[in-house]
Amino acid sequence: MELQLYRTYFPEGTNGELYHLGELVCYTIELPWRENETGVSCIPEGRYRLARRYSERYGYHLLV
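Since this is a predicted model, take the numbers as computed values, not measurements. Counting starts from 1 at the beginning of each chain's written sequence and moves along it residue by residue. Residues qualify for local features only when their pLDDT is at least 70, as the model is predicted, and side-chain atom pairs are given and counted only at 80 or more; totals for whole chains, interfaces and linings, by contrast, use all residues. Side-chain figures throughout are based on the complete set of non-hydrogen atoms in the structure, without hydrogens or water.

### Section: the packing of aromatic side chains
Phase 1 of the analysis: Think of it this way: a Phe, Tyr or Trp ring, Trp meaning its six-membered ring, pairs with another when their centres are within 6.5 Å, and the plane angle makes it stacked under 30 degrees, edge-to-face over 60, tilted otherwise. All told, the structure shown has 2 aromatic pairs when counted by the stated rule.
Phase 2 of the analysis: Considering the side-chain rings of tyrosine 6 and tyrosine 19, the 5.6 Å spacing of their centres and the 75° angle between planes classify their relative orientation as edge-to-face. Separated by 13 residues along the polypeptide, tyrosine 6 in strand β1 (residues 3-10) and tyrosine 19 in strand β2 (residues 13-20) bring together distant segments of the chain.
Phase 3 of the analysis: Measuring from centroid to centroid gives 4.9 Å for tyrosine 54 and tyrosine 60, while their planes differ by 55°, and the two rings are tilted.
Phase 4 of the analysis: We call a residue buried when its accessible area falls under 20% of the maximum for its residue type, exposed when it is over 50%, and partly exposed in between, using a 1.4 Å probe and counting protein chains only. According to the relative accessible area criterion, tyrosine 54 is partly exposed, its value standing at 46%. Where helices and strands are cited, they refer to DSSP runs of H or I of at least four residues and of E of at least two residues respectively, numbered from the N terminus.

### Things to note about the pairing of β1
Phase 1 of the analysis: Pairing between strands requires that DSSP locate at least two bridges from one strand to the other. As paired elements, β1 and β2 share 8 bridges and run antiparallel to each other. Paired with threonine 8 across the bridge in β2 is asparagine 15.
Phase 2 of the analysis: The loop that links β1 with its antiparallel partner β2 comprises 2 residues.

### Remarks on the sheet that holds β1
Phase 1 of the analysis: An order of β1-β2-β3 is seen for the 3 strands of this open sheet, with the pairing classed as antiparallel. The sheet is open, and its two edges are formed by β1 and β3 (23-30), each paired on a single side. Taken over all neighbouring pairs, the strand axes of this sheet differ in orientation by 20° on average, direction set aside. In this description, a line fitted to the C-alpha atoms serves as the axis of each element, helices being fitted only across the stretch in contact, and the angle between N-to-C directions of two axes falls anywhere from 0 to 180 degrees.

### Let's talk about the side chain of glutamate 30
Phase 1 of the analysis: Note that glutamate 30 resides in strand β3.
Phase 2 of the analysis: Among the polar contacts listed, one links the side chain of glutamate 30 to the backbone nitrogen of isoleucine 43, at a separation of 3.5 Å.
Phase 3 of the analysis: Not counting the four nearest positions on each side in its chain, glutamate 30 is found in contact with Leu5, Arg7, Gly13, Thr14, Cys42 and Ile43. Two N or O atoms form a polar contact when they lie within 3.5 Å of each other; inside protein one atom must be a possible hydrogen donor and the other a possible acceptor, and for residues adjacent in sequence the pair counts only when both atoms belong to side chains. In what follows, residue pairs with any heavy atoms lying within 4.5 Å of each other are defined as contacts.

### A look at the confidence of the model for the protein chain
One rule of thumb: low pLDDT means the predicted coordinates there are not for detailed reading.
Phase 1 of the analysis: Looking at the protein chain, pLDDT values average 95 and 100% of them are 70 or higher.
Phase 2 of the analysis: Ranking the elements of the protein chain by mean pLDDT puts strand β5 (residues 59-63) last with 91 and β2 first with 97. Values of pLDDT, ranging from 0 to 100, describe the predictor's confidence in every residue of the model.

### A word on the pairing of β2
Phase 1 of the analysis: In the sheet, β2 pairs with β3 via 7 bridges, with the strands oriented antiparallel. The partner of glycine 16 across the bridge, within β3, is threonine 28.
Phase 2 of the analysis: The turn joining β2 and β3, which pair antiparallel and follow one another in sequence, is formed by 2 residues; a positive phi near 50° is taken by leucine 21.

Below is the structure:
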């Protein structure tokens, strides 16, 4: 399965829309872009393998 993420960058954070086969799956919220600095920056653009994950706090979500 391939997903596509379209992002909009803001100083306070990064908002996105996640699509599968051209259909909106969900909205995303990430940290702002800060040169890939650990813990304060969103993930760099690129291709990643994802895994489905469950936690008590977040329920089902995707792990990069």
